[in-house]
Amino acid sequence: MFRSTVKVGAATTDWSKTVTDERFHPAMGGAGWARLGQVKHGSSNHWVVGRLLPMTGRYGARELRFAIGTWDQVTHADCPVVAMQRHMEHDVADHIVKARANGQIVINDLDDWFWELHPENRAYFDTSPKLNARVNIDHYRQALLASSAVVTSTQFLADQITTWDSTLRVECIPNGVDAGRFPTRRHRSGPTTIGWVGSTAHRSGDLTILRQPFGALEKKVSFHHTGHHQDFPSFAEQVGIASSRVTTTPMLAPHEYPYGFLFDVGVVPLVDIPFNHAKSNIKGLEYAVAGIPFVASPLPEYVLLAEEYGVGRLAKTARDWQRHLKALLDYEVRRDEARRQRHIVAEHFTVRKQARAWDNLIWDLLG
């Protein structure tokens, strides 16, 4: 059935302060890109991505709707649908109510369970109601509840939000990856490099899981960390290995990000806490489309990926981690596992599938 194209405004607070995009504008952070930024490339609707601008005008009695300000200084005030992410300002819920009263569809995307942030995670202090009166998770909760619908990246998040209000429309739209953007790792015999992609400042003590297995392998392999920042704890320090054994790549913008997978084996360590139960398997999906086999902690989304799709190895104990990592030192094992898993992820976890789910939700909400 033919559907008319809808202009969708997308806004996130996840903009990098350290890297820029191809046009030297602020680049989107990983969550902003994975959940909103890349969706526009697979959508049948017209998406504009930028900053959220509450604007007054002749919309009705309460005179407010959202516009989107893009980094090229254009204001898009004609979006019938606005999708927002991580907006926790003190007045955002009230603005959502007014925008909806004036006919605008407002969708909130939720990709982390912020109400269970670990104190070691930098975001804990940025979003705490005790430490930040104007921007915090209490305001965020009210914003989510005021929305036309909430989209989540995992079923755990969808289930949690539903307990707040069973009448709120909640849709789980899993992450997708664009396999065509990722160069495929070529596996050869010889030295093996184990790697991890991420920010050490936004962890929950996860990397300490790797101390024992990495210690046992330190003299046999090299290590790589993509996402290094001089103001954050070093990867070497976090996993307890000599810095001389680790090469690093700084944080990368989305257009450069696929070229940061400079290792043979990936790791996804996650401590067993509610915050991590809510996390998606996006890192594992990215490893797989980059042609990199990986080992992950057995949390829900990685158990699902391993048991239903045969993608990724699960390690519960230090002995499990060491056993799987040792097995992947064999380049033929890595090569065969990588080929199979890349094909599976490229077929089942596409950005087009993610975008189609967004399109269907938008068209349904517009009636």
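For the structure given in this document, a descriptive report is provided here. All figures in this text were calculated on a predicted structure; none of them were measured in a lab.

Moving on to the packing of aromatic side chains. All told, the structure shown has 20 aromatic pairs when counted by the stated rule. Aromatic side chains W113 and W164 sit 5.6 Å apart centroid to centroid with 35° between the ring planes, which places their arrangement in the tilted category. Taken together, the positions of W113 in the loop between strand 8 (105-110) and helix 3 (122-126) and W164 in helix 5 (residues 155-164) put the pair 51 residues apart, joining distant regions of the chain. Classification of W164 as buried rests on a relative accessible area of 18%.

Next up on the list: the nonpolar core. One finds I194, F214, Y287 and L325 to be the most contacted residues of the largest nonpolar core, which totals 44 residues. Setting aside residues up to four positions removed in sequence, I194 forms contacts with F214, L217, V221, S222, F223, H224, F263, V265, V267 and L325.

Before going further, it helps to spend a moment on the pattern of salt bridges. Opposite charge on two side chains makes pairing possible when the charged atoms of those side chains draw close. Scanning the model with the defined rule gives 13 salt bridges in all. Ionic pairing is found between D364 and R169, a salt bridge with its closest N-O pair at 2.6 Å. Residue D364 is found in helix 13 (residues 351-366), and its partner R169 is found in the loop between helix 5 and strand 10 (170-172); the two are separated by 195 residues along the sequence. With relative accessibility at 45%, the residue D364 sits in the partly exposed group. The exposure class of R169 is partly exposed, given its relative accessible area of 29%. Close ionic contact of D264 with R185 constitutes a salt bridge, the shortest N to O distance being 3.1 Å. Remark: R185 occurs in the loop between strand 10 and strand 11 (193-197) and D264 occurs in the loop between strand 13 (246-250) and strand 14 (265-268); sequence separation between them is 79 residues. Among the ionic contacts, a cluster of salt bridges with common partners joins R86, D111, D112 and K279.

Okay, the sheet that holds strand 15 (residues 294-296) next. Sheet architecture is open: 6 strands sit in the order 13-12-11-14-15-16, paired in parallel fashion. Edge positions in the open sheet fall to strand 13 and strand 16 (313-314), since each of these has one partner strand only. Bridging between strand 11 and strand 12 (residues 222-228) involves 5 bridges; their strand directions are parallel. Bridge assignment links I194 to a residue of strand 12, and that residue is F223.

Here we come to the pairing of strand 2 (residues 15-20). Looking at chain direction, strand 2 and strand 3 (residues 26-28) are connected through 2 bridges and run antiparallel. Each residue of the ladder has a partner; that of W15, found in strand 3, is M28. Taking the residues that link successive antiparallel strands as the turn, the strand 2-strand 3 hairpin has 5 residues, and the phi of F24 there is positive, at about 65°.

At F24, a position not held by glycine, the phi torsion is positive, near 65°. Along the chain, F24 falls in the loop between strand 2 and strand 3. Residue class for F24 comes out exposed when judged on its relative accessible area of 70%. Of note, the phi angle at R86 is positive, near 65°, even though the residue is not glycine. Residue position: R86 is located in the loop between strand 7 (81-85) and helix 2 (92-101).

Time to look at the side chain of T152. Inspection of the secondary structure assignment puts T152 in strand 9 (residues 149-152). Taking relative accessible area as the criterion, T152 reaches 0% and is therefore assigned buried. Here T152 is in contact with R35, L110, L157, A158, V170, E171, C172 and I173, once residues within four sequence places are set aside.

What counts as what
All residue numbers here refer to positions counted from 1 along the written sequence of the relevant chain. Only residues with pLDDT of 70 or above have their local features reported here, since the model is predicted, and side-chain atom pairs are shown and tallied only from 80 upward, although totals for entire chains, interfaces and linings are computed over all residues. Heavy atoms throughout the structure, all of them, feed into the side-chain values; hydrogens and water do not. The aromatic pairing rule takes the rings of Phe, Tyr and Trp, using the six-membered ring of Trp, and pairs them if the centres are within 6.5 Å, calling planes under 30 degrees apart stacked, those over 60 edge-to-face and the rest tilted. Helix and strand assignments come from DSSP, with helices taken as H or I runs of at least 4 residues and strands as E runs of at least 2, each series counted from the N terminus. The rule is simple: take the accessible area with a 1.4 Å probe, protein chains only, and divide by the maximum for that residue type; under 20% is buried, over 50% is exposed, in between is partly exposed. By nonpolar core is meant a set of buried Ala, Val, Leu, Ile, Met, Phe, Trp, Tyr and Cys residues that side-chain atoms within 4.5 Å join together. By the convention used here, residues are in contact when the closest approach between their heavy atoms is within 4.5 Å. Salt bridges are defined by distance alone: a side-chain nitrogen of Lys or Arg within 4 Å of a carboxyl oxygen of Asp or Glu. For two strands to be treated as a pair, DSSP must find at least two bridges joining them.

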